[in-house]
Every structure is written in structure tokens, then in C-alpha cells.
Amino acid sequence: KLCGYLQKLSGKGPLRGFRSRWFVFDPRRCYLYYFKGPQEALPLGHLDIASACFSYHQPEAGAAAAGDEAAAFEVHSPNGAVAVLKAATRQDMTYWLQELQQKRWEYCNNLDAAKRDSRTSPTPSDFSKGLVAKDNPGSILSQNASAERARNILAVETSPTDLVGEQAASQPAPVQPSAINFSLKQWSTEIKNSMSSLRKGNNENRKSVFYTTEEWELLDPTPKDLEDSIALEEKRKHLAEGSKGRRLTSSAFPFDFGRIPHKTRRPLKDMIGSSKNRNSSDSSPTEWYSGNGNKLVSELQLKYQSQQEELEKLKKDLLSQKELVRLLQQTVRSSQYDKYFASRLCEGVPKDKLELLHQKDDQILGLNNQLEKLNLEKDSLQQEVKNLKCKVGELNEQLGMLMETIQAKDEVIMKLSRQLSECEDSTSSQSGAVNSSVATCTNKELQELDRLKDNLQGYKTQNKFLNKEILELSALRRNAEAREREWQAKYTSLEAKLCQIESKYLILLQEMKTPVCSEEQSPAREVITQLLEDALKAETSEQPEQAFFKPHLVSEYDIYGFQTVPEDDDEEKLVAKSRALDLRSLSLSENREISTGVKWENYLASTMNREMMRCVELKNLIRSGIPHEHRSKMWKWCVNLHIKKFKDSTVPGYFQTLLQNALEKQNPASKQIELDLLRTLPNNKHYSSPTSEGIQKLRNVLLAFSWRNPDIGYCQGLNRLVAIALLYLEQEDAFWCLVTIVEVFMPRDYYTKTLLGSQVDQRVFKDLMSEKLPRLHAHFEQYKVDYTLITFNWFLVVFVDSVVSDILFKIWDSFLYEGPKVIFRFALALFKYKEEEILKLQDSMSIFKYLRYFTRTILDARKLTGIAFGDLNPFPLRQIRNRRTYHLEKVRLELTELEAIREDFLRERETCVEKRDLISDDEEDS
């Protein structure tokens, strides 16, 4: 997705300047929308890239050095307006220009290769799904090979930075030269965006995430993220406290400059601080002498280490001598002790006691020796500590003296350095003027050479870009001229055909004006026959050179796949073609008024950065009809809106599991489903033959639903609902669409065997007819016409096969968003549309015959929608619910009475011999 930060030049007078904006490219219309920030809902405006051209200027040397205007480029519109945009770097500018050129090239070539049907979108739809999407594949670019090869040669390879692309949404906006970032021109949009951001609530501890399908949302941090952040803060606090009170105790060299303890002698601390200040501020002589001081310190370190090694060696020798003396003393004592016991105490004492005494004596001697050893070690360690303290004190004094000496010498060196620099300046100004001028000139020449090289490279890049821009604009101009020639040829062909038809009609009118009484065939008959043959003539390819310019006013199938002209009856064929021409004329007149399409584009652009929600604006847009290229996306969104609680309670792969069970196990509804597949929509090419793609999808959805809802299983009418859904939805989405209609929208028992809910709705509709259209209701009552025989199928299949396809899908748009109340609205609107024509009919047979086909003569969807949602108001849903409850009880009582009558009949037939041959309608069917 092409998006990112750019600065746009806007404002007037002293407020004119660059303001940071978030730009998003929309491939549907080749528009570059710009927002105040990534989280804004409404765009501040847009640039039409399809008809724009781009340029930029190579910056001068001063501007390039300063970085000002170095990455600015211009977007020129056909009306003369120029938008100046500036990227953060020249690399980003080059990337934006390359991408915008590529998007314009793709869009214009897709526009050239698009289908000639004006109702198809020139751009490949991003959201098309279902069977209708198969008829609108992405158009193939009919590009000139040489032009494409030249474009590739002139392309400049570049890659975006962090400020371009979806990841840029998480980056902060670039720093602006001006603090003013409010647009007075779009003040209303700014206020709306501010109010929408305030309605979202407190945004603390929230992070923004940019969605590339086209949407923005705010995600709360997870508890784990919060715990990690708290633990990290605690760790930082502990580290900060530990660093404050840490004392250096393990340094091998206590006066190392990087590890000097805080509590040292005052002169040393001051000297070190002054030395650091000098090291950070003085010139090269000071740095040289600080290096000399470091050399002295390293010599002292080596000397101290050698003394420590010698001291350790002497300590080891002393310990070995002490150990030897201790062993000799122990041997002497033990020999004296043995001699004493042997001479005086050994007489008359048992041997075991004597051995015990010897052991005790040995233990006493060992403990005494150990005690003496520990005392000696203690004394030696104390002495060692005293010696080390003395040594450290001496070294610190030596270090202080050395630092004082260094400071004094440092001052002398600084003084001499200043004198030397003064002498060099005076000498160089007199004797070295020529050398300095030569060096200066050489440096300037080198700098100028580097600048010229940079400018040369920049001009080369600019030249490649402008050549590519000229090449693309020339190719697009040639394509536009070719389109204009094609349209001119079509216009000429249409004008010639119109002249021929007008001539024939004038002849016909002249002949009809003069009555002919003879039985011979008049010339008018010949003209009428010729006109009928021309109207019903199939399109042939006898003149292939004119086939491209031939106007295709009526195609064999419409954009939904429905057959426009039947193949059987010539009379019906003529009526169908006339109806198709009227529809074509209406669609062409609607295309001139693009207000609805612009509203949809603006609304979808405003939802690019936020989630779509129910609102009055969206309801009004859906009532006016969803555009063909957006219907798949909007239908799926409407279904998910109503079915979310059902889908959340199911496991992943729920639809596939249902389908697998229905295919593998015995399903009582499968037989009836197979019988109805080819009878579903025989006039639609997606369901016309057993090998059609729609047939298999229709079978899968109906089988899966019959396994989900065994109480209904399958009812005739469900197949048509699924067939319409599959035209814009995939299998699983069409399944959930059927669940929405049967289990959410319609009352219970609407599609069961008794059709109880359907019967109730017909009685409710009768009440509404008497209330909203009292004259027409009285007219039906006067001639005893039961119009519910016609309207029953309208409610059961939501007008499928009852109205023309354009009106049917607009009804379904509102039905999937608002629910079943829409069926009542449009059913009343159809009667009100033709109320005056019906009131003119004065017998029941003509009325009933007219009711069977009158809905297919209604072609103006805008007028019908105005009646349904305007003239019939107020239309409260509570009234429909109350009437449903009332009539439900009455219908249940009637069904109970019918069941009692049936049981009485069966009982009488069993008991009475004369009635045993009688059978009921159900038994006759079975």
C-alpha cells in the first residue's frame, strides 16, 4: 500500500508554509488522499493522479547544502492547479515519484482495456467475491512493448525509508519548520476529526496499529505487556540506586582515571576534575601532555605489580619455614610426652587406656598447633594490612605530587602554545602568503569539483525521470486520442442507425395516417415486419471491420449473469428487449449524475483508517444502492454484523465440518436439493447447466445448512436465497448469509413444513395495505382478488424472479443491512408505484393477470426507493411485531381446527364403509 508522510505547501500570506500530512493512495479512483494524521477519519482533500503530471527541480548548490527544498516535487493538475509536496529525503521523493508514475500508468491502461459496458468499474475491484467476480477479471494491460521497455530502462531504482509504507504509521510525524498545522480551508473536516477522536475516549496506554486491507484500530496492551513494562521500570530504578552508592573495592589500580572513587582526597579530586575539564576544552598540546601523564601512570602500575609479586613470593617462603618449625616442635613435644608416660605412668596401667590417653594427647597437641597457626596467620595478615595501607598512602601522596606537577607543566605548555601560535600566525602572514593562497585555491577547486559531480548526477537522475514522464504522457495521450476516435466512430454509427430508424418510422406513420381498405398487404405491414426483424435480428460477424465500432446496447447477459432476452417466444423476446433498452437508458442517465458514486468513494475513503460502524450516513448510502464493485465487501460486512454472536460460538472450520458430515452421512434433504438445483435460476448463466460453477456451490451451502438446522432441513425457496448470495459471496459467507436470513431476520417456522411465519406475514401485509393504500385495498376487496397469492412468494424468496435484477439487488442491499422490515416497505411500494394503473382495471381476471407480471414492468429503481423509504413513512418496526403476535395466535387456532377436522375425517373413513374410497390431498400426493 502506497502511503506515508509528506509535507504539503498550503496557506496564504504569512501562514503559507509546509504542513505535515499523511498521504494514502486509493487505486479504485487513482486518487491520492491526504489526512492530518494516520488516525484521522476524514480526508482533508485529494489529488487526482490519473490526469496529473509530475516534475521537480534540481536544487542549487546552496539549497542542496542547506537541505532546503531539496526533496520537493510538484503535481500539476489539468485545471492548472499545482500541489507542491516535500519528502523527508531525496530518496523518499524519488520513490514517491516512481510509484505515482507506475500507479497512473496501470490505472490508465486498465481504463483503456476495461469492458465497454459503462456499469463495470474501470479499475480491478479489490473486494469482488462470488460468481459475479468471475465475469470481471483483472483487465490485461495492452501496453506497447517498446514503450514498456523504454520505461524500464529509464526507471530509477530506489527503496523507501521508514517514513513511507504502512510501518510509517507507527513513526512520529517529521518535524515541521512551522508550528502551525491547522488548515483554515478544511476547518470543518478538522473539527469532525477532532470530535471523532474525542469520542473514542481516553487513549492513554494505547498504541496505534495500521491495517493494510484498508483499516485502522486502537489495540489495548495485553496484561503481559503491562507486567513486562512495570518490571523493566523497577529494574531501571534498582540500577540507578545501585550506581549511586556503589564503591570501588576490587580495582587492581585504585587511582585509575576511569574508576576513581567518590571519597578521595580533596586535592586529587579537584585535580582530576580540572584535568577532565582541560581534556574536554583544551587544544592539541594539552592532549599530547595528558598522553605523557598516562605513560607515567602506566610505569607506576608496572612497578607496583612487580613489588606485589615479590611480596607474595616472600610470604610463601615465610609460610613454608613456619610450617617446618611447627612440625619440628610437634615432634619434640610428642617424644617428650611419650618418654614421660613410659617412665612413670606406664606401670600397672592397661594398654587400652594408655592408647586412649595417647589419642587425647594427640588431639590436644593438634588443636594447640592449629591455634598457634591461626594466631600466626592473623598476625601476618594484620601486618600485611598495615604495610598495604602505608604503601597506598605513599602512592596517593606521590600521585598528588605528580598531578600538581602536571598541572603546573600544563599551564606552562599552554602559555608556550599561545606564544607559538602567535608567532606562526605573524610568520605565515608575511612569508607564507603564496603557499596558503595556493592551498586555499586547491581546496576550493576540489570542493567545486565535488559539487559539480553531485549536480551532474542529480541532473542525470532528473533527466531520466523527465524523459520517462514525457514518454508516459505521450503514450497516455495517444491512448486518449484512440479512445476519442473509437467514441467518434460509435457516435457516427449510432447517428446513422438513428436516422435509418427515424426514416422507417416516418414512412410507417405516413402509411398509418392514410387508411387502406383493400385486403392486399399494405406497405405499412412490410415496414412493420422489417422493423420487427431488425429488432430481433441476432448479431452477426459478417463485417468484422465494423464489429469494433458497433454499439452493443443490449448484451446477452447483464452484469449479474441474468439473461436479458429469452430465446423462446418472439413476442416475449420483443418485450424483454424493449425492457432491457429502457433499463440501459436509465442506467446511462444515472451515470451522468455521479453524486451517489462520489458519496460512496468519500465514505470508503473516510473508513480507510477506522472500523466501519452503523450510522445514519451509511444507512442512507445503502438505501440508494451499493455500487457493483463494492457490493461483495458490504454484503459480507452486513452479514457479519448480524451473525457475529453465532460465528463466535462456533469452532474454526465449522462450515467445512457441516459439509463433510452432510456428504458422508445419510441426509433426508439431499434428494429434494438435487431436484431443485437446476430449477433455481435457469435464466442465470451461473446456474443454467449441471456443470456450472454455481451449481456445486449451491449444493454445498444447502447441504451444510440442512445439517445445521434439521428442523427445517430444506424448504423450496432457500435455494433461490443462496443463489443470489453466491453471486457476490464465497461459499462460507453465503452459508452465513442464509443463517442470517432464516435464523435472525425471519420469525420461527417461516421455512418449516407448515410455513406458519409466512402465513402470518401475509396477514400483517394485508393490514398494512388497508392502512397505507386504502383505495387499492378496497379495490381488491370489491373484486374479491386475493393478492397474497402473488405476494407470498415475494416474502418467501425476497423478490427473487419477481423484479428486474437492478431493483432486486438494491432491495437486497437494504434488506441485509436493515432486516425484514424492508420487504414490507418494497412490497407496498410496488403496489403504490402502479396504483393508478391497477385502479383502472374493472374485473377480477384482468386484475389478477396484471398482478402476475406488473412488477417486471417497474424499471426506475430511484423512484421505487423514494416511495419505499419516503412516501410510506412512518413505518415503525414495533407495529409489525405487534401485528405478527396478534395474527400468530389466530393462525395457530385455525391450524388446530383444521387438524381436528382432518382427524374426524380419518376416523369417519375408517368406520364408514361408503367413505373408505375417499383419500385426502396429502395421501394423493404421496
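Residues numbered from 1 in each chain as written. Predicted model: local features only at pLDDT ≥ 70, side-chain atom pairs only at ≥ 80, totals over all residues. Heavy atoms only, no water.

Further remarks concern the overall build of the protein chain. Tallying secondary structure elements over the protein chain gives 31 helices and nine strands in all. Burial statistics for the protein chain: of 926 residues in total, 36% are counted as buried. Considering only contacts in the protein chain between residues 6 or more positions apart, those separated by 24 or more positions represent 70%. By element, 54% of the accessible surface of the protein chain is carried by carbon and sulfur atoms, the whole surface being about 56,100 Å². (Helix = DSSP H or I, 4+ residues; strand = E, 2+ residues; numbered from the N terminus. Buried < 20%, exposed > 50% of the residue type's maximum accessible area, 1.4 Å probe, protein only. Contact = heavy atoms within 4.5 Å. Areas by Shrake-Rupley, 256 points an atom, 1.4 Å probe, with all protein chains shown as cover.)

Our focus in this paragraph is the packing of helix α17 (residues 654–664) against helix α19 (residues 693–708). Contact geometry of α17 with α19 gives a least axis separation of 8 Å together with a crossing angle of 90 degrees. Between α17 and α19, the angle falls in the class roughly perpendicular. Packed against α17, whose contacting residues are Y654, F655, L658, L659, N661, A662 and L663, the element α19 presents N700, V701, L703, A704, W707 and R708 at the interface. Among the residues making up the contact of α17 with α19, the classes are represented as 10 nonpolar, two polar and one charged. (Axes fitted to C-alpha atoms, helices over the stretch in contact; angles between N-to-C directions. Parallel < 35°, antiparallel > 145°, perpendicular 65-115°, else oblique. Nonpolar A, V, L, I, M, F, W, Y, C, P; charged D, E, K, R; others polar.)

What follows concerns the confidence of the model for the protein chain. Here the protein chain shows a mean pLDDT of 75. Residues at 70 or above account for 67%. For the stretch residues 114–127, pLDDT sits under 50, and the model shows 34 contacts to residues farther than four places along the chain or on other chains. Throughout residues 538–552 the model reports pLDDT below 50, and contacts reaching past four residues in sequence, or to other chains, amount to 13 contacts. (pLDDT = per-residue confidence, 0-100.)

Counting residues in each nonpolar core, the largest one holds 119 residues, and the members touching the most others are L718, Y751, F799 and F831. At 10 residues, the largest contribution of residues to this core is made by helix α26 (residues 821–833). Excluding its chain neighbours within four sequence positions, the residues that come into contact with F799 are W794, L808, I811, I823, F826, A827 and L830. Ranked by size, the runner-up nonpolar core spans 32 residues in total, among them L2, L44, F54 and Y95. (Core = buried A, V, L, I, M, F, W, Y, C linked by side-chain atoms within 4.5 Å.)

Now for the sheet that holds strand β4 (residues 45–48). The seven strands lie next to each other as β4-β3-β2-β1-β7-β6-β5, forming an open sheet whose pairing is antiparallel. Single-partner strands in this sheet number two, and they are β4 and β5 (53–55). Averaged over all pairs of adjacent strands, the angle between strand axes in this sheet comes to 35 degrees, irrespective of strand direction. Taken together, the eight bridges between strand β1 (residues 3–10) and strand β2 (residues 17–26) define a ladder with antiparallel strand orientation. Among the inter-strand pairings, L6 is bridged to a residue of β2, identified as R21. (Pairing = 2+ DSSP bridges.)

The subject of this paragraph is helix α20 (residues 718–726). Buried residues dominate α20, accounting for eight of its nine residues. Taken residue by residue, α20 has L718, N719, L721, V722, A723, I724, A725 and L726 as its buried positions.

Quick look at the pairing of strand β6 (residues 72–76) now. The buried fraction of β6 amounts to four of the five residues, a majority that puts the element mostly inside the structure. In this structure, β5 lies alongside β6, joined through three bridges in antiparallel fashion. From the neighbouring strand, F54 faces β6, where its bridge partner is V75. The loop that links β6 with its antiparallel partner strand β7 (residues 82–86) comprises five residues; one of these, G80, has a positive phi angle of about 95 degrees.

On the surface, L895, L898 and I901 cluster together into a nonpolar patch covering about 280 Å² of accessible area. By secondary structure assignment, the location of L895 is in helix α30 (residues 877–911). (Patch = residues over 30% accessible without salt bridge, like charges linked within 9 Å, V, L, I, M, F, W, Y side chains within 5 Å. Salt bridge = Lys/Arg side-chain N within 4 Å of Asp/Glu carboxyl O.)

As a further point, take the packing of aromatic side chains. Taken as a whole and judged by the stated rule, the model has 30 aromatic pairs. The interplanar angle of 20 degrees and the centroid separation of 6.1 Å between the aromatic rings of W635 and F809 together place this pair among those described as stacked. Residue W635 is located in helix α16 (residues 631–648), and its partner F809 is located in helix α25 (residues 805–818); the two are separated by 174 residues in the primary sequence. Take W635: its relative accessible area is 0%, and that puts it in the buried class. Counting every residue linked through ring pairs, the aromatic cluster contains F765, F780, Y787, W794, F795, F799, F824, F831, Y850, Y853 and F854. It is K86 that lies over the ring of F18; its NZ or CZ is 4.3 Å from the centre. (Phe/Tyr/Trp six-rings, centres within 6.5 Å; stacked < 30°, edge-to-face > 60°. Lys NZ or Arg CZ within 6 Å of the ring centre and 35° of its normal.)

Mapped onto the elements of the fold, E74 is located in strand β6. It turns out E74 is buried and unbridged, and the closest side chain with the opposite charge, R16, is 9.1 Å from it. A distance of 3.0 Å separates polar atoms of two side chains, one belonging to E74 and the other to H76. When residues no more than four places from it in sequence are discounted, the contact partners of E74 are C53, F54, S55, H57, V82, A83 and V84. (Lys, Arg positive; Asp, Glu negative; His and termini not counted. Polar contact = N/O pair within 3.5 Å; in protein donor to acceptor, adjacent residues only side chain to side chain.)

What follows concerns the pattern of salt bridges. As enumerated under the stated definition, the model contains 22 salt bridges in all. In this structure, the salt-bridge partner of D733 is K636, at a minimum N-O distance of 3.9 Å. Of the two residues, D733 is situated in helix α21 (residues 731–745) and K636 in helix α16; the sequence distance between them amounts to 97 residues. Residue D733 is classed as buried on the basis of its relative accessible area of 15%. Through salt bridges that share partners, E693, K697 and E730 make up one connected network.

This part is about the pairing of β1. It is a general feature of regular strands that their side chains alternate between the two faces of the sheet. Counting buried residues in β1 gives seven out of eight residues, a clear majority hidden from the surface. Between the antiparallel neighbours β1 and β2 lie six residues, among them G11 with a positive phi of about 95 degrees. Summarising the sheet, β1 and β7 pair through two bridges and their orientation is antiparallel. Looking across to β7, one finds that Q7 is bridged to K86.

Burial in helix α28 (residues 844–853) covers these residues: I847, Y850 and L851. An end-on view of α28 places all buried positions within 100 degrees of arc, on one side of the element. Opposite its buried face, α28 presents the exposed residues M845, K849 and R852, each directed more than 90 degrees away. Summarising the contacts, the buried residues of α28 are in contact with α23 (774–782), α24 (788–797), α26 and α27 (835–839). (Arc of directions from axis to C-beta.)

This part takes up the side chain of R19. Position of R19 among the secondary structure elements: in strand β2. Residue classification places R19 among the buried positions, given a relative accessible area of 5%. Separated by 2.9 Å, the side chain of R19 and the backbone oxygen of S10 make a polar contact.

Turning next to the environment of F25. Relative to the helices and strands, F25 is located in strand β2. The class of F25 is buried, set by a relative accessible area of 5%. Linking F25 and I49, residues 24 residues apart in sequence, is a C-alpha distance of 9.2 Å. Not counting residues up to four positions away in its chain, the partners in contact with F25 are L2, C30, Y31, L32, I49, L100 and K103.

The step from N873 to P874 runs through a cis peptide bond, and the omega angle for that step is 0 degrees. Inspection of the secondary structure puts P874 in the loop between α29 (861–871) and α30. Although it is not a glycine, D749 sits at a positive phi angle of roughly 65 degrees. By the secondary structure assignment, D749 is in the loop between α21 and α22 (756–772). Its identity is not glycine, yet K784 carries a phi of approximately 55 degrees, on the positive side. If you trace the backbone, K784 turns up in the loop between α23 and α24.

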